There are 2 protein chains.
Amino acid sequence: MNEDILKALLDHGVQPSAQRLAVARYVLATHDHPTADRVFSVVRESFPWISRATVYNTLNLFVEKGLLRAPALTGGSVVFDPNTARHHHFIDEKSGAIHDVPWESVEVCNIEALEGFDVTDFQVVMRGVKRRRRRT
Amino acid sequence: MNEDILKALLDHGVQPSAQRLAVARYVLATHDHPTADRVFSVVRESFPWISRATVYNTLNLFVEKGLLRAPALTGGSVVFDPNTARHHHFIDEKSGAIHDVPWESVEVCNIEALEGFDVTDFQVVMRGVKRRRRRT
DNA sequence: ATCTCACTTTAGAACCGTTCTAAACAGGCG
DNA sequence: CGCCTGTTTAGAACGGTTCTAAAGTGAGAT
Ligand SMILES: [Mn+2]
Ligand SMILES: [Mn+2]
Ligand SMILES: [Zn+2]
Ligand SMILES: [Zn+2]
């Protein structure tokens, strides 16, 4: 797992440093969509001397190198997403939490037939409330 | 048309003032998705003494009263959308321009069947380039 | 016509997330 | 060791937005 992280960095042309590994260890493994400030808080627990600037530098580098995405889903601060495969998003309006929705679980038709637009990428952004218990 | 604007404000419980009408005249009629700063620039052309704070106040009031939406589509600054009906969005990656895509022109299936999520609203966010001339 | 009072507008400060700056640091190599 | 390149750091700067506190406006009351 730690070797996986290291390999991911090297595969994407990122020189590994202690700080970058600490950031990667959290942000490449989480299923959250954390903000830079959340990454800073979490990483600082195991790496208390890391600076905020390094967290921002590292996250931006990871986006540039394709390890992370920064989908524009919220008004406020940027969120980072280690899931770089195509997928959709569900935003829980109660908690603000962002959940991944598998690409195959939603079907979108007629996009390629749209007049006037060459669509190269798309996603469905859903809002609502997370269901407490599944309706039988 | 000017009476339409006035009526829209009154219908949504907004006390009309000269400043609010000037903002409404532009932002409720445009097909753009302008930022607050763009609204400020445009309104100032016909109303040069309006203040930035009033533009922000007014836009936020209009969102609160349901005259505008503020969809989270871009990383940077908030954009305002006078189209309050359900619709999708296409973002031109060349220019950054945001275009409305009619609700009926895209079909989305299986949303209601999603496990774990009660979806109350959704939209498709597309990216690509605006087609220069329609392919025959 | 003047007074009153609630609402609106205003300039500028404050705020907050992010980027920039410039100096310190690290470490591989000659 | 000294050099060089890349990384980290604290804090300043920045840009968009909100807040503050004072001034303005205007519809009704007197
Ligand atoms: Mn990758
Ligand atoms: Mn309405
Ligand atoms: Zn995601
Ligand atoms: Zn729109």
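I will try to describe carefully the structure that is included in this document. Remember, it's a predicted structure, so these values are computed and weren't measured experimentally.

### A closer look at the overall build of chain A
Stage number 1. The helix and strand inventory of chain A stands at four helices and four strands.
Stage number 2. Counting from the amino terminus, helix and strand elements in chain A follow one another as α-α-α-α-β-β-β-β.
Stage number 3. Reported as C-alpha extents along the three principal axes, the dimensions of chain A are approximately 50 × 35 × 30 Å.
Stage number 4. Across the 136 residues that make up chain A, the buried fraction comes to 38%.
Stage number 5. Accessible surface for chain A amounts to roughly 7,900 Å². Of this, 49% is attributable to carbon and sulfur atoms.

### Considering the coordination of the zinc ion (ligand 3)
All names here are of chain A.
Stage number 1. Protein coordination at the zinc ion (ligand 3) comes from His33 (NE2), Asp81 (OD), His87 (NE2), His89 (NE2) and Asp100 (OD), with a distance range of 2.0 to 2.3 Å.
Stage number 2. Along the chain, the residues donating to the zinc ion (ligand 3) are arranged with the sequence spacing H-x47-D-x5-H-x1-H-x10-D. With His33 in the loop between helix H2 (18-27) and helix H3 (36-46) and Asp100 in strand E2 (residues 98-102), the pair connects residues that are 67 residues apart, well separated along the chain.

### Overview of the relation of the copies chain A and chain B
Stage number 1. For the pair chain A and chain B, the best superposition has an RMSD of 0.1 Å and corresponds to a rotation of 180° with a translation of 0.0 Å parallel to the axis. Put plainly, the chains are arranged around a two-fold axis.
Stage number 2. In this assembly, 100% of the residues forming the interface of chain A have copies in chain B that are likewise at the interface, indicating an isologous arrangement.

### Looking at the protein's contact with DNA strand C
Stage number 1. In the vicinity of DNA strand C, 15 residues are found, and the nearest of them are Tyr56(A), Val78(A), Ser17(B), Arg20(B) and Thr54(B).
Stage number 2. Among all atoms of DNA strand C positioned within 4 Å of the protein, those belonging to sugar or phosphate total 84%.
Stage number 3. Within the contact set of DNA strand C, a sugar or linking oxygen lies 3.1 Å away from a side-chain nitrogen or oxygen of Gln19(B).
Stage number 4. Breaking the surface near DNA strand C down by element, the ones donating at least two residues are helix H4 (52-64) of chain A together with helix H2 (18-27) and helix H4 (52-64) of chain B.

### Comments concerning the protein's contact with DNA strand D
Stage number 1. DNA strand D sits among 15 residues. The nearest are Ser17(A), Arg20(A), Thr54(A), Tyr56(B) and Val78(B).
Stage number 2. Counting only the atoms of DNA strand D within 4 Å of the protein, the fraction contributed by sugar and phosphate is 84%.
Stage number 3. Between Arg20(A) and DNA strand D, the recorded distance is 2.7 Å, taken from a side-chain N or O atom to a phosphate oxygen.
Stage number 4. Taking Ser51(A), its main chain carries an N or O atom lying 3.1 Å from a phosphate oxygen of DNA strand D.
Stage number 5. Per-element tally for the surface near DNA strand D: the top contributor is H4(A), with three residues.
Stage number 6. A breakdown of the residues in the surface near DNA strand D according to their chemical character gives six nonpolar, eight polar and one charged.

Each value, and the rule that gives it
Residues numbered from 1 in each chain as written. Chains lettered and ligands numbered in written order. Predicted model: local features only at pLDDT ≥ 70, side-chain atom pairs only at ≥ 80, totals over all residues. Heavy atoms only, no water. Helix = DSSP H or I, 4+ residues; strand = E, 2+ residues; numbered from the N terminus. Buried < 20%, exposed > 50% of the residue type's maximum accessible area, 1.4 Å probe, protein only. Areas by Shrake-Rupley, 256 points an atom, 1.4 Å probe, with all protein chains shown as cover. Donors = N, O, S within 2.8 Å, 3.2 Å for Na, K, Ca; no water. Least-squares fit on C-alpha atoms with pLDDT ≥ 70 in both. Contact = heavy atoms within 4.5 Å. Near = heavy atom within 4 Å. Polar contact = N/O pair within 3.5 Å; in protein donor to acceptor, adjacent residues only side chain to side chain. Nonpolar A, V, L, I, M, F, W, Y, C, P; charged D, E, K, R; others polar.

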